[in-house]
Amino acid sequence: GQNIDQPTEMTATEGAIVQINCTYQTSGFNGLFWYQQHAGEAPTFLSYNVLDGLEEKGRFSSFLSRSKGYSYLLLKELQMKDSASYLCASSNDYKLSFGAGTTVTVRA
Amino acid sequence: KAGVTQTPRYLIKTRGQQVTLSCSPISGHRSVSWYQQTPGQGLQFLFEYFSETQRNKGNFPGRFSGRQFSNSRSEMNVSTLELGDSALYLCASGMTGENEKLFFGSGTQLSVL
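Residues numbered from 1 in each chain as written. Chains lettered and ligands numbered in written order. Predicted model: local features only at pLDDT ≥ 70, side-chain atom pairs only at ≥ 80, totals over all residues. Heavy atoms only, no water.

**Some details on the pattern of salt bridges**
Phase 1 of the analysis: Enumeration according to the criterion identifies seven salt bridges over all chains in this entry.
Phase 2 of the analysis: For the salt bridge of A:Glu56 with A:Lys76, the shortest nitrogen-to-oxygen distance reads 3.7 Å. With a gap of 20 residues between them, A:Glu56 in strand β6 (residues 53-57) and A:Lys76 in the loop between β8 (70-75) and β9 (84-92) connect regions that are remote in the sequence.
Phase 3 of the analysis: Residue A:Glu56 is classed as exposed on the basis of its relative accessible area, which comes to 56%.
Phase 4 of the analysis: B:Arg63 is the partner of B:Asp85 in a salt bridge, and the nearest nitrogen-oxygen pair spans 2.8 Å. Of this pair, B:Asp85 sits in the loop between β8 (74-78) and β9 (87-94) while B:Arg63 is found in the loop between β6 (53-57) and β7 (64-68), placing the two residues 22 residues apart along the sequence.
Phase 5 of the analysis: For B:Arg63, a relative accessible area of 16% puts it in the buried group.
Phase 6 of the analysis: Through salt bridges with shared partners, one network takes in B:Arg63, B:Glu82 and B:Asp85. (Salt bridge = Lys/Arg side-chain N within 4 Å of Asp/Glu carboxyl O. Helix = DSSP H or I, 4+ residues; strand = E, 2+ residues; numbered from the N terminus. Buried < 20%, exposed > 50% of the residue type's maximum accessible area, 1.4 Å probe, protein only.)

**A short note on empty space enclosed by the protein**
Phase 1 of the analysis: Enumeration according to the criterion identifies one cavity of 30 Å³ or more in this entry.
Phase 2 of the analysis: As for the largest cavity, its lining consists of A:Phe33, A:Ser91, A:Tyr94, A:Lys95, A:Leu96, B:Gly97, B:Glu98, B:Asn99, B:Glu100 and B:Leu102.
Phase 3 of the analysis: Counted by class, the lining of the largest cavity contains four nonpolar, three polar and three charged residues. (1 Å grid on protein atoms, 1.4 Å probe; cavity = no way out; pocket = protein on both sides within 12 Å on 5 of 7 lines; lining within 4 Å. Points joined across faces, edges and corners; volume = space filled by probe spheres on them. Nonpolar A, V, L, I, M, F, W, Y, C, P; charged D, E, K, R; others polar.)

**Things to note about the state of the cysteines**
Phase 1 of the analysis: Counted according to the given criterion, the structure contains two disulfides over all chains.
Phase 2 of the analysis: There is a disulfide in this structure between A:Cys22 and A:Cys88, and the S-S distance comes to 1.9 Å. Negative torsions about the S-S bond denote left-handed disulfides, and the value of about -65° found for A:Cys22 with A:Cys88 makes this one left-handed. Highlighted residues: A:Cys22 in strand β3 (residues 18-26) and A:Cys88 in strand β9, separated in sequence by 66 residues. The same class applies to A:Cys22 as to A:Cys88, namely buried.
Phase 3 of the analysis: Between the sulfur atoms of B:Cys23 and its disulfide mate B:Cys91 the distance is 1.7 Å. The S-S bond linking B:Cys23 to B:Cys91 shows a torsion near -45°; that makes this disulfide left-handed. A residue pair is termed long-range when its members are at least 10 positions apart, and B:Cys23 in strand β3 (residues 19-24) and B:Cys91 in strand β9 qualify at 68 residues. Each member of the pair B:Cys23 and B:Cys91 is classed as buried. (Disulfide = S-S within 2.5 Å.)

What follows is the structure, encoded as structure tokens:
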């Protein structure tokens, strides 16, 4: 089965760094995705990890440890436009199993 | 290049009715998957189609069904609507549907009264 946990809410100041943790317990795990979803909009792809380690893409980085069932998304130099919901999802058998999402609020 | 197109954008139905939602994937994408999003349950997988074949199905009752056409467009149908079916229904497309970036449509917001 799929069990994905991530914090419900996080608040940070503009220019700061925030780390969103995600733990998963899934069978047949193939990879870990992060999506961003602004209120009233479609989710958009941020990152994908299939091997252990850190993937860096501009201000956003994602880390995966398969042995620990753990991932995190790191958002650096936060901007107001980064206020959104961040969704962790495991990939298996042509489907994504999503966590409930972490709402990040960036304050001025 | 056009994105994933879902129609209609909003829909209001009453209990017991049935509804059909449509999804046109990005040109060249052959995988289409459907998700239900509610405030309480988050994003839940409904089903995935590739080349007109359903390859996986989520834990939803048989009232939820779908299909894919030869041009990769997909429809999902919900029969005998219940109040709890009120949700945002999202469609996502990809080249293969496996371990790849998916592109989501803006969704159909269904309200059941």
